[in-house]
Amino acid sequence: MASQSSISLTGGDCRAAARRGGGSRCRTNSSGAGAGSACTFPPGSPLERIARLVSESAVVIFGFSGCYMCHVARQLLCGMGVNPTVYELDEEEDGGSRTEDALALIAGRHPPVPAVFIGGRFVGGLERLMSIHIKGNLVPMLKNAGALWL
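To start, this report covers the structure provided alongside it. (Residues numbered from 1 in each chain as written. Predicted model: local features only at pLDDT ≥ 70, side-chain atom pairs only at ≥ 80, totals over all residues. Heavy atoms only, no water.)

1. Observations concerning a nonpolar patch on the surface
Short version of the rule: To count toward a patch, a residue needs a relative accessible area above 30% and no salt bridge. Like charges then connect within 9 Å, nonpolar side chains (Val, Leu, Ile, Met, Phe, Trp, Tyr) within 5 Å. The accessible surface values rely on the Shrake-Rupley method and a 1.4 Å probe; as for residues, cover is taken only from the protein chains in view. Any Lys or Arg side-chain nitrogen found within 4 Å of a carboxyl oxygen on Asp or Glu counts as a salt bridge. Counting from the N terminus, the helices are the DSSP runs of H or I reaching at least four residues and the strands are the DSSP runs of E reaching at least two. Classification of residues uses two cut-offs on accessible area relative to the type maximum, computed with a 1.4 Å probe and protein chains only: under 20% is buried, over 50% is exposed, and between them is partly exposed.
Where nonpolar side chains cluster on the molecular surface, the patch consists of Tyr 68, Met 69 and Val 72 and spans about 290 Å² of accessible area. For Tyr 68, the location among the structural elements is in helix H3 (residues 68–79). For Tyr 68, a relative accessible area of 62% puts it in the exposed group.

So this is what it looks like as structure tokens:
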């Protein structure tokens with residue numbers, strides 16, 4: 001039996017992925033400031049890879065190199081002084097199909113790109129990112145994630 005790795009996707013993202021068939025096991029941590037959920041994904045699974053990549057950077061965008069919405073999301077964040085980590089799915093060995101399917105489990109929609117994560121939490125696509133920005137909540141969210149310092 002292969003060992004399982006435990007990675008955190010915050011904001012209930014792993015519970016949502018599990019409900020949609022992502023094969024994760026979730027447990028809730030309700031102890032104070034670090035409260036969230038931790039999920040166990042099979043090692044090497046696309047969901048485990050996404051959780052690992054998202055935990056390594058304050059802002060992560062998954063997209064396709066020719067996708068205009070992915071480009072706009074990136075330009076919005078770069079224009080604010082944020083340097084997002086961008087993963088172009090079409091540059092993966094399988095053309096990104098496994099990662100795209102895993103992102104669809106998290107997002108609950110297909111196509112799931114752009115998929116924007118801030119502070120390890122799935123934010124959504126371009127429409128949601130723009131909505132958060134227009135409401136004035138994007139800058140505080142980016143500051144809390146450590147992506148903006150001013």
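2. Focus: the sheet that holds strand S7 (residues 121–124)
For the record, the criterion: Only strands that DSSP links by at least two bridges are regarded as paired with each other. Axis lines are fitted to C-alpha atoms, over the contacting stretch for helices. Their N-to-C directions set the angle, which ranges from 0 to 180 degrees. Whether two residues touch is decided by their heavy atoms; if any such pair falls within 4.5 Å, the residues are in contact.
Read across the sheet, 4 strands follow the order S5-S4-S6-S7 without closing on themselves; strand pairing throughout is mixed. Strands at the two margins of the open sheet, each flanked by one partner only, are strand S5 (85–88) and S7. Along the sheet, successive strands turn relative to each other by an average axial angle of 25°, direction set aside. As defined by bridge partners, strand S4 (residues 59–63) adjoins strand S6 (residues 115–118) across 4 bridges and the pair is classed as antiparallel. Note that in S6 the partner of Val 59 across the bridge is Ile 118. Across the sheet, helix H6 (residues 138–145) touches S4, S6 and S7, and the angle it forms with S6 is around 60°.

3. So, the packing of helix H2 (residues 46–55) against helix H4 (residues 97–107)
Short version of the rule: Note that the term roughly parallel is reserved for angles under 35 degrees, roughly antiparallel for angles over 145, roughly perpendicular for angles of 65 to 115, and oblique for everything else. Just so you know the grouping, Ala, Val, Leu, Ile, Met, Phe, Trp, Tyr, Cys and Pro go in nonpolar, Asp, Glu, Lys and Arg go in charged, and all remaining residues, Gly too, go in polar.
Following both chains from N to C, one finds H2 and H4 inclined at 75°, their axes separated by 9 Å at the closest point. Here H2 is positioned roughly perpendicular relative to H4, judged by the angle of their axes. Where H2 abuts H4, its residues Pro 46, Leu 47, Arg 49 and Ile 50 lie against Arg 98, Thr 99, Ala 102, Leu 103, Leu 105 and Ile 106. Here the residues of the contact of H2 with H4 sort into 7 nonpolar, 1 polar and 2 charged.

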